[in-house]
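Analysis of the macromolecular model
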Amino acid sequence: MRLLLIGPPGAGKGTQAARVAHAYGIPAISTGDIFRANVDEGTPLGLQAKEYMDRGAYVPDELTNSLVLDRLAQTDAGAGFLLDGFPRTLAQVYTLDDCLEATDGGLDAVVQLTIDTDEIVQRLLRRAKEQGRSDDTEDVIRKRLDVYQEQTHPLVAVYADRGILVSVDAKGDVGDVTERIFGALGGRIRRAEG
Ligand code: ADP
């Protein structure tokens, strides 16, 4: 099973990624988490990434792509994976396409989490208080939302054209959203087989 979760900051991708990946027995690969771990450890990659993350900008594709390609080459990703936060740009889509073509196939499904902007800003400001993430200030949140609209939202249409997109409402209870995702994936897979 090769899955991708896509949606704006604050949609709950990380939370849902962990639950869905666990259910399918595949690793959840989050570029945001990998960057944050590198920042905490003070690695050269972390030092470079922090500069972009703290102002709500995307880390350059060259850095991000090589990080993800390394991660996908590890043995636990051989039987499948769930990507959270990658790809976020068209260039990253093409890098992932090339990587998957070199193995034995593309993505099975792309799950889009949908949520309105007011709810996002509220959630992220709450998370700022709870977790103290340095990119969760109101200015940086708005910047991240703009960057998402501009650079990442267009990817939804790309995957819809490929016939692998499912959209799920990300409002409400964490457990309800997870059930919606399973429902959407189950339907899609049955259709694909039928
Ligand atoms: P969110 O989706 O809430 O913005 P993430 O944890 O997914 O949070 O990402 C945090 C930051 O990490 C992003 O704002 C960006 O700077 C960087 N980042 C994560 N994934 C990518 C990516 N695929 N390409 C470029 N930058 C990324």
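Everything numeric here is computed off the predicted structure, so don't read it as measured data.

**A look at the overall build of the protein**
On a plain count of helices and strands, the protein comes out with nine helices and five strands. Walking the protein from its N terminus toward its C terminus, one meets helices and strands in the order β-α-β-α-α-α-β-α-β-α-α-α-β-α. Relative to the globule expectation of 16 Å for 194 residues, the C-alpha radius of gyration of the protein, 16 Å, shows essentially globular dimensions. Taking all 194 residues of the protein together, the buried fraction comes to 45%.

**Some points on the site of the ligand**
As a matter of local geometry, the ligand sits amid 19 residues, with Thr31, Arg36, Ala57, Gly85 and Arg88 nearest to it. In this structure, a nitrogen atom belonging to the ligand sits 2.8 Å away from a main-chain N or O atom of Gly85. The separation between an oxygen atom of the ligand and a polar side-chain atom of Arg127 is 3.4 Å. Calculation on the ligand without its partners gives an accessible area of 540 Å², and the protein chains cover 96% of this total.

**Quick word on the sheet that holds strand β2 (residues 28–30)**
Reading across the sheet, the five strands line up as β2-β3-β1-β4-β5 and stay open at both edges, with parallel pairing between neighbours. Only two strands of the sheet have a single neighbouring strand rather than two, namely β2 and β5 (165–169). On average, each strand axis in the sheet is tilted by 20° relative to the strand beside it, whichever way the strands run. Of the strand pairs in this sheet, strand β4 (residues 109–114) and β5 are connected by five bridges, and their pairing is parallel. If you follow Gln112 over to β5, its bridge partner there is Ser167. Each of β2 and β3 (81–84) is contacted by helix α2 (residues 31–41), which is oriented at about 60° to β2, the strand it contacts most.

**Looking at the packing of aromatic side chains**
Going through the model one piece at a time under the given rule, you end up with one aromatic pair. Ring geometry for Tyr24 versus Phe182: centroids 6.2 Å apart, planes at 75°, classification edge-to-face. Here Tyr24, found in helix α1 (residues 13–24), pairs with Phe182, found in helix α9 (residues 174–193); they are 158 residues apart in sequence, far enough to count as distant. Looking at Phe182, the relative accessible area reads 25%, which means it is partly exposed.

**Describing the nonpolar core**
In this structure, Leu4, Phe81, Leu83, Leu96, Leu107 and Tyr159 are the most contacted members of the largest nonpolar core, which totals 27 residues. Broken down by secondary-structure element, the contributors of at least two residues to this core are β1 (2–6), α3 (44–53), α4 (61–72), β3, α5 (90–102), α7 (138–152) and α8 (154–161). In contact with Phe81, other than residues within four places in its own chain, are Met1, Arg2, Leu3, Ile26, Pro27, Ile29, Leu72, Leu100 and Leu107. Formed by 24 residues, the second largest nonpolar core is a distinct cluster that contains Leu82, Ile115, Ile141 and Leu185.

**Description of empty space enclosed by the protein**
Across all of its chains, the model carries one cavity of 30 Å³ or more by this definition. A volume near 70 Å³ is recorded for the largest cavity. Contributing to the lining of the largest cavity are Leu5, Ile6, Gly7, Pro9, Lys13, Gly85, Phe86, Pro87, Arg88, Tyr148 and Thr152. Only β1 and α7 provide two or more residues apiece to the lining of the largest cavity. Residue classes in the lining of the largest cavity are distributed as six nonpolar, three polar and two charged.

**As for the pattern of salt bridges**
Applying the stated criterion across every chain yields a total of eleven salt bridges. One salt bridge connects Arg71 with Asp76, and the closest N-O pair in it is separated by 2.8 Å. Given a relative accessible area of 39%, Asp76 falls into the partly exposed group. Across the salt bridge formed by Arg162 and Asp97, the nearest N and O atoms sit 2.8 Å from each other. With a gap of 65 residues between them, Arg162 in the loop between α8 and β5 and Asp97 in helix α5 connect regions that are remote in the sequence. The structure contains a network of salt bridges with shared partners spanning Arg127, Arg133, Asp135, Asp136 and Arg144.

Scoring rules and cut-offs
Residues numbered from 1 in each chain as written. Predicted model: local features only at pLDDT ≥ 70, side-chain atom pairs only at ≥ 80, totals over all residues. Heavy atoms only, no water. Helix = DSSP H or I, 4+ residues; strand = E, 2+ residues; numbered from the N terminus. Rg over C-alpha atoms; globule rule 2.2 N^0.38 Å. Buried < 20%, exposed > 50% of the residue type's maximum accessible area, 1.4 Å probe, protein only. Near = heavy atom within 4 Å. Polar contact = N/O pair within 3.5 Å; in protein donor to acceptor, adjacent residues only side chain to side chain. Areas by Shrake-Rupley, 256 points an atom, 1.4 Å probe, with all protein chains shown as cover. Pairing = 2+ DSSP bridges. Axes fitted to C-alpha atoms, helices over the stretch in contact; angles between N-to-C directions. Contact = heavy atoms within 4.5 Å. Phe/Tyr/Trp six-rings, centres within 6.5 Å; stacked < 30°, edge-to-face > 60°. Core = buried A, V, L, I, M, F, W, Y, C linked by side-chain atoms within 4.5 Å. 1 Å grid on protein atoms, 1.4 Å probe; cavity = no way out; pocket = protein on both sides within 12 Å on 5 of 7 lines; lining within 4 Å. Points joined across faces, edges and corners; volume = space filled by probe spheres on them. Nonpolar A, V, L, I, M, F, W, Y, C, P; charged D, E, K, R; others polar. Salt bridge = Lys/Arg side-chain N within 4 Å of Asp/Glu carboxyl O.

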